[in-house]
Each structure stands twice: as structure tokens, then as C-alpha cells.
Amino acid sequence: MSICVLAGGKALTLGAALFTLSWTHSVEKIRWEEDWRATPAGLEIVEARVQGSGAGMEPPPDAHFEDGWWRYRPSLPPQSELALAASGATGSGWQLCAADECHELGASAGKPVIVRYCE
């Protein structure tokens with residue numbers, strides 16, 4: 001199983017089923033992370049983590065605090081793809097890590113970055 005990333009007119013295939021997507025909130029400067037699994041049914045979220053809270057960013061009631069992170073599992077069905085905004089105005093992009101390899105995505109203004117399962 002693999003993950004396909006389409007960004008800036010280029011395609012990248014990562015030979016991994018598990019990946020972590022992370023970013024820093026542009027206003028609150030708080031780190032967020034999500035663990036995902038790529039399956040033939042789509043992308044399934046495994047866990048989400050946030051290092052704090054802020055206006056409109058409160059962890060859900062079922063979150064628990066562990067090792068400096070609020071951890072929880074969002075209730076989402078498998079997603080056919082993730083579309084990551086690429087505004088270029090947030091100070092940094094998204095970081096996608098899979099199989100001991102990390103890539104910064106969407107740091108410059110442009111079309112959304114698309115992440116999906118591929119065979």
C-alpha cells in the first residue's frame with residue numbers, strides 16, 4: 001500500500017500505509033498532529049493530538065492529556081482524499097512523515113495539496 005501526494009503539479013508516491021500529518025496553527029502557534037492509515041477504503045484517521053487550546057481550537061470532551069498533548073480519535077469515516085490548503089500566508093506548510101521520511105507541503109501559495117491512497 002502507498003500514499004500518493006499531488007503538489008504543485010508534481011506527484012510523489014510514498015511506499016507506506018501509515019503517515020503523520022502535522023502543522024502549527026497560524027494564529028495560536030500551537031502544534032497539531034494526526035496519524036492516518038491508507039487503506040483501499042480510503043484514508044482512516046487513527047489519532048489526533050494538539051499541544052494546547054485556543055479560540056475555537058478546544059480538544060473534544062473525550063480527549064485525554066498525556067505527555068504534553070491532548071489526544072483523541074476523531075469520528076470520521078474513511079476519506080477518499082485529504083485536500084490541504086496552500087495559502088503561503090501561514091508561515092509554514094504541512095509536514096507529512098511516512099516510513100522515516102518527512103516532506104514539507106503547501107508552504108507556498110498554490111493549489112491545494114492532495115493526499116490519497118494509491119496502489
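Heads up: the structure comes first, above all this text.
Just so you know, the residues in each chain are numbered from 1, in the order the chain's sequence is written. A pLDDT threshold of at least 70 governs which residues receive local features in this predicted model, and a stricter bar of 80 or more applies before side-chain atom pairs are shown or counted, although totals over entire chains, interfaces and linings include all residues. Hydrogens are left out, water is left out, and the side-chain values use all remaining heavy atoms of the structure.

## Here's the deal with the state of the cysteines
(1) Moving on: Only a pair of cysteine sulfur atoms within 2.5 Å qualifies as a disulfide here. Enumeration over the complete set of coordinates arrives at two disulfides.
(2) Moving on: In this model Cys4 forms its disulfide with Cys118; the gap between the sulfur atoms is 1.9 Å. Because the sign of the S-S torsion sets the handedness, a value of about 100 degrees for the bond joining Cys4 and Cys118 places this disulfide among the right-handed ones. Placement of Cys4 in strand S1 (residues 2–7) and of Cys118 in strand S11 (residues 113–118) is noted, with a sequence separation of 114 residues between them.
(3) Moving on: When its relative accessible area of 15% is taken as the criterion, Cys4 is described as buried.
(4) Moving on: Given a relative accessible area of 12%, Cys118 falls into the buried group.
(5) Moving on: In this model Cys97 forms its disulfide with Cys102; the gap between the sulfur atoms is 2.0 Å. Handedness of the Cys97-Cys102 disulfide follows from its S-S torsion of about 110 degrees: it is right-handed.
(6) Moving on: Only protein chains enter the calculation, and the probe is 1.4 Å; a residue is then buried if its accessible area is under 20% of its type maximum, exposed if over 50%, and partly exposed in between. Among the residues examined, Cys102 registers a relative accessible area of 46% and is labelled partly exposed.
(7) Moving on: Counting its disulfide-bonded cysteines in sequence order, the protein chain shows a connectivity of 1-4, 2-3. A run of DSSP states H or I qualifies as a helix once it reaches four residues; a run of E qualifies as a strand once it reaches two. Both are numbered from the N-terminal end.

## Focus: the pairing of strand S9 (residues 94–98)
Side chains on a regular strand alternate between the two faces of the sheet.
(1) Moving on: The element S9 is largely enclosed, with a buried count of four among its five residues.
(2) Moving on: At least two DSSP bridges between two strands are needed for those strands to be called paired. Looking at chain direction, strand S3 (residues 18–24) and S9 are connected through three bridges and run antiparallel. Of the residues in S9, the one forming a bridge with Ser22 is Gln95.
(3) Moving on: As judged from the five bridges shared by S9 and strand S10 (residues 101–105), these two strands associate in the antiparallel manner.

## Side note on the pattern of salt bridges
(1) Moving on: Here a salt bridge means any side-chain nitrogen of Lys or Arg lying within 4 Å of a carboxyl oxygen belonging to Asp or Glu. Counted according to the given criterion, the structure contains six salt bridges.
(2) Moving on: In this structure, the salt-bridge partner of Glu47 is Arg49, at a minimum N-O distance of 2.6 Å.
(3) Moving on: Assessed through its relative accessible area of 6%, Arg49 is described here as buried.
(4) Moving on: Residue Arg71 pairs with Glu47 through a salt bridge whose shortest N-O separation is 3.0 Å. Here Arg71 is found in strand S7 (residues 69–72), whereas its partner Glu47 is found in strand S5 (residues 42–50), with 24 residues between them in sequence. For the pair Arg71 and Glu47, a shared accessibility class is recorded, and that class is buried.
(5) Moving on: Linked through salt bridges whose partners overlap, the residues forming this network are Glu33, Asp35, Glu47, Arg49 and Arg71.

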